[in-house]
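Chains, contacts and geometry: an overview
Residue strings, one per chain:
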Amino acid sequence: DGGITQSPKYLFRKEGQNVTLSCEQNLNHDAMYWYRQDPGQGLRLIYYSQIVNDFQKGDIAEGYSVSREKKESFPLTVTSAQKNPTAFYLCASMETGGRTEAFFGQGTRLTVV
Amino acid sequence: RKEVEQDPGPFNVPEGATVAFNCTYSNSASQSFFWYRQDCRKEPKLLMSVYSSGNEDGRFTAQLNRASQYISLLIRDSKLSDSATYLCVVNMAGNTGKLIFGQGTTLQV
């Protein structure tokens, strides 16, 4: 079945550590997105990519980095520079052109301990 | 001004009520619009796409007003299972490709 997979589902990080969240899709979508959601809040855009080897900063990119070496994969690294990383992270993909909906992974809950 | 803004919640309604949510967007070049539903601690899922002519799916009706730059969602005959957060989504498309979410409106039936 086609879909988008995020891993791990839960992640604990010590302060000062970098961690990488995985996002893989087999929907053949060109566009991929990373969002952060805090309790009771909407989704805020971190980074997005419309094509392999290219990506753009979203509204809250500071303290995060991404890569897009393959169409299927868009990993997000939460660096030690991100001062408040505890949140729910969601990855999405969609066809370019914007006429169809975005599909989401099940999310990763990151907690700093 | 935020790129996408929604009615503040929460909306608390009795079963059987009709409830409407509005969402405004700032970029007139926005090309496509959606309503998503998000249940607690889950990922968002598509509820409806929003077309210029308006569209209806059972008890749900979505409308787009490009001149005033807002979209709406109407839920008729509310059911307990409709309790969730409803997210307005705007796709800038074209060269930007930004997909922007509103902050969400919580409905409790």
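The paragraphs below set out a description of the structure included in this document. (Residues numbered from 1 in each chain as written. Chains lettered and ligands numbered in written order. Predicted model: local features only at pLDDT ≥ 70, side-chain atom pairs only at ≥ 80, totals over all residues. Heavy atoms only, no water.)

Remarks on the state of the cysteines
Residue and element names in this part refer to chain B. Cut-off, in case you're wondering: Here, two cysteine sulfur atoms that lie within 2.5 Å of each other are counted as a disulfide. Here a strand is any run of E in DSSP of at least two residues, a helix any run of H or I of at least four, and the numbering for each starts at the N terminus.
Taken as a whole and assessed by the stated rule, the structure comprises two disulfides over all chains. Here Cys 23 is linked by a disulfide to Cys 88, with a sulfur-sulfur distance of 1.9 Å. What sets the handedness of the Cys 23 and Cys 88 disulfide is the S-S torsion sign, and at about -70° it is left-handed. One end of the pair, Cys 23, is in strand 3 (residues 19-25); the other, Cys 88, is in strand 9 (residues 84-91), with 65 residues separating them in the sequence.

Brief notes about the interface of chain A and chain B
Quick reminder of the rule: Contacts: residue pairs with any heavy atoms within 4.5 Å of one another. Buried area counts how much accessible surface, traced with a 1.4 Å probe, disappears from two parts once they are put together, with both parts' losses summed. Definition used for salt bridges: Asp or Glu carboxyl oxygen within 4 Å of a side-chain nitrogen of Lys or Arg. Here a polar contact is recorded for every N or O atom pair within 3.5 Å, except that within protein the pair must consist of a potential hydrogen donor and a potential acceptor, and residues adjacent in sequence are included only if both atoms are side-chain atoms. Each residue gets one label: Ala, Val, Leu, Ile, Met, Phe, Trp, Tyr, Cys and Pro are nonpolar, Asp, Glu, Lys and Arg are charged, and the others, such as Gly, are polar.
Every contact between the two is made by 23 residues of chain A and, on the other side, 24 residues of chain B. For the pair chain A and chain B, the summed buried surface comes to about 1800 Å²; carbon and sulfur atoms form 50% of the total. Applying the counting criterion to the chain A and chain B interface returns one salt bridge. In this structure, the salt-bridge partner of Asp 59 of chain A is Lys 98 of chain B, at a minimum N-O distance of 3.5 Å. At the boundary of chain A with chain B, the tally comes to five residue pairs in polar contact (both at pLDDT 80 or more). Looking at the side of chain A that touches chain B, the elements that each hand over two or more residues are strand 4 (31-37), strand 5 (43-51) and strand 9 (87-94) of chain A. Among the elements that line the side of chain A that touches chain B, the one with the most residues is strand 5 of chain A, at four residues. Within the side of chain A that touches chain B, the residues separate by chemical class into ten nonpolar, nine polar and four charged.

Notes on unusual backbone geometry
Residue and element names in this part refer to chain A. In this structure, the amide linkage connecting Ser 7 to the following residue, Pro 8, adopts the cis form with an omega of -10°. With respect to the element layout, Pro 8 can be found in the loop between strand 1 (4-7) and strand 2 (10-13). Positive phi is not limited to glycine here, since Asn 53 has a value of about 65°. Tracing the sequence through the fold places Asn 53 in the loop between strand 5 and strand 6 (54-57).

Some remarks on the environment of Asp 38 of chain A
Residues and elements named next belong to chain A. For Asp 38, the location among the structural elements is in the loop between strand 4 and strand 5. Linking Asp 38 and Ala 92, residues 54 residues apart in sequence, is a C-alpha distance of 17 Å. Discounting chain neighbours no more than four positions away, the residues touching Asp 38 are Arg 44, Thr 86 and Ala 87.

Considerations on the sheet that holds strand 8 (residues 76-78) of chain A
Residue and element names in this part refer to chain A. So the rule is basically this: When DSSP finds two or more bridges between a pair of strands, those strands are recorded as paired. Here an axis means a line fitted to C-alpha atoms, over the contact stretch when the element is a helix, while the angle between two N-to-C directions is reported on a 0 to 180 degree scale.
Strands sit in the order 1-3-8-7 across an open sheet of four strands; the sheet is antiparallel. The sheet is open, and its two borders are formed by strand 1 and strand 7 (64-66), each paired with just one other strand. When strand polarity is set aside, the average angle formed by the axes of neighbouring strands in this sheet is 20°. Judged from the three bridges that link them, strand 7 and strand 8 form a sheet pairing that is antiparallel. Note on strand 8: the bridge partner recorded for Ser 65 is Thr 77.

Observations concerning the sheet that holds strand 3 of chain B
Residues and elements named next belong to chain B. Pairing is antiparallel in the open sheet, where five strands are placed in the order 1-3-8-7-6. In the strand order of this sheet, the two ends are held by strand 1 (4-6) and strand 6 (55-57), each with one partner. Across this sheet, the average inter-strand angle for adjacent strands is 15°, counted without regard to direction. Summarising the sheet, strand 1 and strand 3 pair through three bridges and their orientation is antiparallel. By the bridge assignment for strand 3, Val 4 is matched with Tyr 25.

A closer look at the pairing of strand 7 (residues 60-65) of chain B
All names here are of chain B. Both strand 6 and strand 7 contribute to a ladder of three bridges, which runs antiparallel. Of the residues in strand 7, the one forming a bridge with Asn 55 is Ala 62. What sits between the antiparallel neighbours strand 6 and strand 7 is a turn of two residues, in which Gly 58 has the positive phi angle 65°. Pairing geometry for strand 7 and strand 8 (residues 70-75), over six bridges, is antiparallel. Looking at the pairing, Ala 62 lines up with Leu 73 of strand 8. Where strand 7 folds back onto strand 8 in an antiparallel hairpin, the turn is made up of four residues, including Gln 69, whose phi is positive at roughly 60°.

By themselves these figures say nothing about function.
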